[in-house]
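Summary of structural features
These are the residues of each chain, in order.
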Amino acid sequence: MPGAQFYTAAVENEDWIAASAFLVGSVVVAEVVDRALLRRARKLTEAVRGGELSPVATTRLRLVRRLVFAVIVLIGVALAASKIPSVSRLATGILASSAVLGLVVGFAARQTLANAIAGILLAMSQPIRIADLVTFEGETGEVEDIRLTYTYIRLDDGRRLIVPNERLAQSSIQNHTITDPRVQVEVSIWLPPGADLEQAIELIEDDEQGISATVAESAHEGVRLSATTWAATPAHRGETASELRRRWLRLLREHGLSSVEAS
């Protein structure tokens, strides 16, 4: 009957509209809750630490925010699916064979689930934290983000090393700033064989600024001197090294000591 068909179509349209509303609403609610969590964390930080989140708090806050966001969106998807009869019937049939489905999904998503669990463990135990300087499999860089499945490490040349969290949890990783945010910076200067090494070292050494210098290498082409100092954070490594190198080269020129190469 035309009337019955029109009624059925109207009901189906209403179901689709309701499902869409649940989906959009869940995303909006998730976004509002995420921003509320961030504002609350900032207020607490301003009251306790003066406005700057610690690496520990930053890492855990990002994990909590992403978990809450994902849970709210999943609830919205479930509610949306329940409003559509065809999808609801399909879900009922799937649940009836949940044991088989669980085995299939668990096997197919084993790697993803392992990475997600490892990401939660990394965020809780925190062998690495956001903004830490780390070395993993010969690559050194700053931890940029720890997500549920992958960790992003920004290397010195600007590239991103994206590592599955399961590999991080199972492998050894050097954390250069786990106890002290400062990072040691080293620069080198090459001098010809006949140069006055003692004077060159005295020019750059400064106990008050924590700058020390040594003879690092000797070859037929010349002698390599090495100077070390400390950068306040990993983000200041490049700036500190550049400033130390410029200072040393300037002092060498001013005192008539020639340098062939700086590194």
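Residues numbered from 1 in each chain as written. Predicted model: local features only at pLDDT ≥ 70, side-chain atom pairs only at ≥ 80, totals over all residues. Heavy atoms only, no water.

1. Remarks on the packing of aromatic side chains
The tally for this structure, following the rule as stated, stands at 0 aromatic pairs. In this structure, R182 packs its charged tip against the face of W230, placed 4.5 Å from the ring centre. (Phe/Tyr/Trp six-rings, centres within 6.5 Å; stacked < 30°, edge-to-face > 60°. Lys NZ or Arg CZ within 6 Å of the ring centre and 35° of its normal.)

2. What about the packing of helix α7 (residues 197–204) against helix α8 (residues 237–254)?
Direction vectors running N to C along α7 and α8 enclose 135°, while the axes themselves pass 9 Å from each other. Here α8 runs oblique to α7, going by the angle between their axes. Helix-helix and strand crossings are classified by hand; for α7 and α8 the assignment is right-handed. The residues of α8 that touch α7, namely those facing A200, L203 and I204, are L244, R247, W248, L251 and L252. (Axes fitted to C-alpha atoms, helices over the stretch in contact; angles between N-to-C directions. Helix = DSSP H or I, 4+ residues; strand = E, 2+ residues; numbered from the N terminus. Parallel < 35°, antiparallel > 145°, perpendicular 65-115°, else oblique. Left-handed = near helix turned anticlockwise from the far one by under 90°. Contact = heavy atoms within 4.5 Å.)

3. With respect to the pattern of salt bridges
Scanning the entire structure with this criterion turns up 17 salt bridges. When the shortest N-O distance is used, the salt bridge between E142 and R154 registers 3.0 Å. Separated by 12 residues along the polypeptide, E142 in strand β2 (residues 139–146) and R154 in strand β3 (residues 150–155) bring together distant segments of the chain. E144 is the partner of R154 in a salt bridge, and the nearest nitrogen-oxygen pair spans 3.2 Å. Of the two residues, R154 is situated in strand β3 and E144 in strand β2; the sequence distance between them amounts to 10 residues. Using a relative accessible area of 25% as the deciding quantity, one classes E144 as partly exposed. Among the charged side chains, a network of salt bridges with common partners joins E142, E144, R154 and R160. (Salt bridge = Lys/Arg side-chain N within 4 Å of Asp/Glu carboxyl O. Buried < 20%, exposed > 50% of the residue type's maximum accessible area, 1.4 Å probe, protein only.)

4. So, the side chain of D34
With respect to the helices and strands, the residue D34 is situated in helix α1 (residues 2–48). Assessed through its relative accessible area of 12%, D34 is described here as buried. Aside from chain neighbours lying at most four places away, what touches D34 is R65 and F69.

5. Side note on α7
The set of residues buried in α7 consists of A200, I201, L203 and I204. The arc that holds every buried residue of α7, seen down its axis, measures 155°, which confines them to one face. Residues of α7 that are exposed and angled more than 90 degrees away from the buried face: E198 and E202. Contacts made by the buried residues of α7 are with β6 (183–191), β7 (212–219), β8 (222–231) and α8. Its side-chain oxygen at 3.3 Å from the backbone nitrogen of E198, D196 defines the N-terminal cap of α7. (Arc of directions from axis to C-beta. Polar contact = N/O pair within 3.5 Å; in protein donor to acceptor, adjacent residues only side chain to side chain.)

6. Quick look at the pairing of strand β1 (residues 133–136)
Alternating residues of β1 divide into L133 and T135 and V134 and F136, and every residue in both groups is buried. Bridge count for β1 against β2 is 4 bridges, and the pairing is antiparallel. Counted as the bridge partner of V134 is G141 from β2. Taking the residues between adjacent antiparallel strands as the criterion, β1 and β2 are bridged by 2 residues, where E137 takes a positive phi near 50°. As judged from the 2 bridges shared by β1 and strand β5 (residues 174–175), these two strands associate in the antiparallel manner. Looking at β5, one finds that T135 is bridged to Q174. (Pairing = 2+ DSSP bridges.)

7. Quick notes on the confidence of the model for the protein
Scored by pLDDT, the protein comes out at a mean of 77, with 78% of its residues at no less than 70. Confidence, read as mean pLDDT per element, is least for strand β9 (residues 261–262) in the protein (48) and greatest for strand β4 (residues 160–164) (93). The model gives residues 1–11 a pLDDT under 50, and that stretch makes 0 contacts with residues more than four places away or in other chains. (pLDDT = per-residue confidence, 0-100.)

8. Examining unusual backbone geometry
Within the chain, Q126 stands out as a residue other than glycine whose phi angle is a positive 55°. Unlike most non-glycine residues, E137 shows phi in positive territory, near 50°. Relative to the helices and strands, E137 resides in the loop between β1 and β2.

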